[in-house]
Structure formats: structure tokens, C-alpha cells
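Residues per chain, in single letters:
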Amino acid sequence: LGVRFLRLALAAVVAPEALAKAQEFLTVKTVAVQVGEGATLLRGWTGDLLITSEMSHADVVAANAQNVNVILTGQSTIERAYLQYLRQELESEFADSDWNVLFKCSTDCNPLSVV
């Protein structure tokens, strides 16, 4: 989707300089994807990896304590990326029809920046 950055919280404590090596040994068998804020999924769910838009710091720490790795996509970032993909899919799907695909906002940007 063209997203440049994701935030990763490994369940194991890993020094930043050893992160690439640690990821080689990460085994993921169960993945959950939660739209929006993902902490509610952790109640009663056990798995290896949770991919969600947002979580509070305390919820990420709690997930890691349950041995769950977390990837945070950033709600604003992932929604914008997906809408561009969806636009292309809809334009392609309805190209030979009388339907018009209309997206009201021609210029849009994420209000948050990584600095």
C-alpha cells in the first residue's frame, strides 16, 4: 500500500542494534488484524502477532507481556493508503459501466509526520 513506516513492538526485549537478527528467529503462527484500536482484541485472544492501527503504550506493553508481538500501522496512515488502493480497484471495476467513481478530496495528506 505504499506505507513507509510501521511501528513494531516485539514480545521479547531486543536491543535496537540486534532487531534485524531477532526478526529472523520470530515464529508467527497466529495473526489477528483489528481495525482501529486493537486492545479490545487482546481480551480472551492468544496468538503471536496483532496488526492494528493504534494502541496505547500501556496496551502494547500488556500485549508484549502476553507474548504477543504488535505492529501498529497508524490509523490515518493506513486509511489513506487503503483509500488510494480502493479507488484504483473501483475505477477498474466500473470502467466499462455507466457508473462514475467519485472521490471528493483530490489532495489529502496525513496530519501527522514522523520527525
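Calculation notes
Residues numbered from 1 in each chain as written. Predicted model: local features only at pLDDT ≥ 70, side-chain atom pairs only at ≥ 80, totals over all residues. Heavy atoms only, no water. Helix = DSSP H or I, 4+ residues; strand = E, 2+ residues; numbered from the N terminus. Buried < 20%, exposed > 50% of the residue type's maximum accessible area, 1.4 Å probe, protein only. Contact = heavy atoms within 4.5 Å. Areas by Shrake-Rupley, 256 points an atom, 1.4 Å probe, with all protein chains shown as cover. Pairing = 2+ DSSP bridges. Axes fitted to C-alpha atoms, helices over the stretch in contact; angles between N-to-C directions. Core = buried A, V, L, I, M, F, W, Y, C linked by side-chain atoms within 4.5 Å.

Caption draft 1: Just the overall build of the chain, in detail. Within the chain, the regular secondary structure consists of three helices and four strands. Starting at the N terminus, the α and β elements of the chain follow one another as β-α-β-β-α-β-α. Buried positions account for 23% of the 115 residues belonging to the chain. Partitioning the contacts of the chain with sequence separation of at least 6, the portion at a separation of at least 24 is 31%. As presented, the chain carries roughly 8,700 Å² of accessible surface, and 55% of it is formed by carbon and sulfur atoms.

Caption draft 2: Highlighting the side chain of Asn64. Following the sequence through the fold, Asn64 ends up in helix α2 (residues 57-65). Beyond its immediate chain neighbours, meaning those up to four positions away, Asn64 contacts Ala9, Leu10, Ala11, Asn69 and Val70.

Caption draft 3: The arrangement of the sheet that holds strand β4 (residues 69-72) in detail. If you walk across this open sheet you meet the four strands as β1-β4-β3-β2, and the pairing is mixed. Each having just a single partner strand, β1 (7-9) and β2 (31-37) make up the two edges of the open sheet. Averaged over all adjacent pairs, the angle separating strand axes in this sheet is 20 degrees, with direction ignored. Here α2 sits on the sheet in contact with β1, β2 and β4, set at roughly 145 degrees to β4.

Caption draft 4: Geometry of the nonpolar core. By size, the foremost hydrophobic cluster in this structure holds 12 residues: Ala9, Ala32, Ala39, Leu42, Trp45, Leu50, Met55, Val60, Ala63, Val68, Val70 and Leu72. Contributions of two or more residues to this core are made by α2 and β4. Residue contacts for Val60: discarding those within four places in its chain leaves Ala9, Met55 and Leu72.

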